[in-house]
Amino acid sequence: MKQHHFQVVITDCDHGSIQEEQEELDRIGVHLILAQVQEEKDLIRVSREADGLLNQYALLTRKVLENLPRCKVISRYGVGVDSVDLKAATDLGIVVANVPDYCMDEVANQTIAMLLTLIRKTAFFNQKVKSGRWDFHLGTPIYRTKGKTLGLIGCGKIGLEVAKKISGFGVEVIAFDPYLQKVEGKVELTDFDTVLKKSDFISIHCPLNESTRHLIGRKELQKMEKRPLIINTSRGPIIDETALIEALREGRISGAGLDVLEKEPPDPENPLLKMDNVILSPHVGFYSEESISELKRRTAKNVSDILMGRWPSSVVNHEVKGKTRVPLSE
Ligand code: NAD
């Protein structure tokens, strides 16, 4: 029988196969268990002997963590770690790791796909032609991209990727990001109002938090002088949807491409669903076969790194340094 040195538990996940995780952890002799549990008592029961956890949504509370005497690492599928009580993990010497950058290319492509779809009105024309109307006049006016300005709100990993990719279309990129002093490439950092005022297209790439909730509201929409197209592939509540609907109805905004909404899925009577100049997708930005495969592999790699005594590439609770349950080298 195969000798297992470690036990690792996947508390829960919403993907079918765990082949990538298995392959990654097989290398270091891990017995991998897919538990699919959510309740506190079940989490404790399945993870009691675990050396490490892979986690998606199940809440790892202080009580759960206090009952996992062998656990050295929790690795979260994806970016957000709100499912884990970080303070408790740090107190107990458990490293919490995540995978922050597995889908930059996908989200940037989703952003540009939505932008070009709105600019060239491809989704609109597709509908018209299929319903028997062969007439490009139905979609006028259309403008060229060259010389237009794209304003980014947030210029981190994804915003920067969008900026790089769009440069081939002759679009100038300006960005508002209060936490950056400079940005690589041809992006001009500027203030929030200038982005609102000068942009022909606006794309949102900041995180959702208390200071960005409804960052784009009625007042901000009124400052947009160029009747811009707005793209949001970040998080729905960053835009006040009621104010956006009003601005779209009044023609102050030319159109919107939204991969994320305030309420997902939207209510069937959400007016955005009926607007010709609005295109929607079901929070799909992160997804490609390759990105998911990379996510699974890297989530498992975080665990194997710790069990082999190395810091993983992305640790969330840096304060745990010096009190981890296993000695770790950089
Ligand atoms: P990132 O952390 O690399 O970049 C975010 C940037 O936003 C940072 O540079 C930060 O300084 C800036 N920022 C913070 N507060 C701001 C504010 N008030 N105004 C303007 N900028 C602000 O993150 P990322 O990898 O580029 O991801 C951006 C967002 O995309 C994530 O927060 C996430 O919500 C979203 N996302 C969506 C999908 C999807 O499937 N649609 C997938 C992945 C990520």
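Just so it is clear, the model here is predicted, and its values are computed rather than measured. (Residues numbered from 1 in each chain as written. Predicted model: local features only at pLDDT ≥ 70, side-chain atom pairs only at ≥ 80, totals over all residues. Heavy atoms only, no water.)

### A word on the sheet that holds strand β4 (residues 73–76)
Turning to step 1, where the next piece is worked out: Sheet architecture is open: five strands sit in the order β2-β1-β3-β4-β5, paired in parallel fashion. Each edge of the sheet is formed by a strand with only one pairing partner; in this case those strands are β2 (30–34) and β5 (95–97). The average angle at which neighbouring strand axes cross in this sheet is 20 degrees, direction not considered.
Turning to step 2, where the next piece is worked out: Pairing between β4 and β5: three bridges, direction parallel. (Pairing = 2+ DSSP bridges. Helix = DSSP H or I, 4+ residues; strand = E, 2+ residues; numbered from the N terminus. Axes fitted to C-alpha atoms, helices over the stretch in contact; angles between N-to-C directions.)

### Here we look at empty space enclosed by the protein
Turning to step 1, where the next piece is worked out: If you walk through the whole model with that rule in mind, you get one cavity of 30 Å³ or more.
Turning to step 2, where the next piece is worked out: By volume, the largest cavity amounts to about 40 Å³.
Turning to step 3, where the next piece is worked out: Lining the largest cavity, in full, are Asn232, Gly236, Ile239, Glu241, Leu244, Leu258, Val260 and Glu262.
Turning to step 4, where the next piece is worked out: Of the residues in the lining of the largest cavity, the class split is four nonpolar, two polar and two charged. (1 Å grid on protein atoms, 1.4 Å probe; cavity = no way out; pocket = protein on both sides within 12 Å on 5 of 7 lines; lining within 4 Å. Points joined across faces, edges and corners; volume = space filled by probe spheres on them. Nonpolar A, V, L, I, M, F, W, Y, C, P; charged D, E, K, R; others polar.)

### Details of unusual backbone geometry
Turning to step 1, where the next piece is worked out: Here the residue pair Thr140 and Pro141 is connected by a cis peptide bond, since its omega of 0 degrees sits within 30 degrees of zero.
Turning to step 2, where the next piece is worked out: In this structure, Pro141 sits in the loop between α6 (122–130) and β6 (149–153).
Turning to step 3, where the next piece is worked out: Residue Pro265 follows Glu264 across a cis peptide bond; omega there is -10 degrees.
Turning to step 4, where the next piece is worked out: With respect to the helices and strands, the residue Pro265 is situated in the loop between β11 (255–258) and β12 (278–280).
Turning to step 5, where the next piece is worked out: At Lys121, a position not held by glycine, the phi torsion is positive, near 55 degrees.

### A few points about the packing of aromatic side chains
Turning to step 1, where the next piece is worked out: Overall, the coordinates contain three aromatic pairs when judged by the stated rule.
Turning to step 2, where the next piece is worked out: Ring centres 5.6 Å apart and planes at 65 degrees place the aromatic pair Phe124 and Phe125 in the edge-to-face group.
Turning to step 3, where the next piece is worked out: By relative accessible area, Phe124 is classed as buried at 14%.
Turning to step 4, where the next piece is worked out: Judged by relative accessible area, which is 19%, Phe125 ranks as buried.
Turning to step 5, where the next piece is worked out: Centre to centre, the rings of Phe176 and Phe192 are 5.1 Å apart; their planes meet at 40 degrees, and the pair counts as tilted. Within this pair, whereas Phe176 is found in strand β7 (residues 172–176), its partner Phe192 is found in helix α8 (residues 192–198), the two being separated by 16 residues in sequence. Pair check on accessibility: Phe176 and Phe192 agree, each one buried. (Phe/Tyr/Trp six-rings, centres within 6.5 Å; stacked < 30°, edge-to-face > 60°. Buried < 20%, exposed > 50% of the residue type's maximum accessible area, 1.4 Å probe, protein only.)

### Some thoughts on the domain arrangement of the protein
Turning to step 1, where the next piece is worked out: Structurally, the protein comprises domain 1 (6–102 + 289–320) and domain 2 (104–280).
Turning to step 2, where the next piece is worked out: Taking only C-alpha atoms, the centre of domain 1 and the centre of domain 2 are 35 Å apart. (Domains from an automatic or database assignment.)

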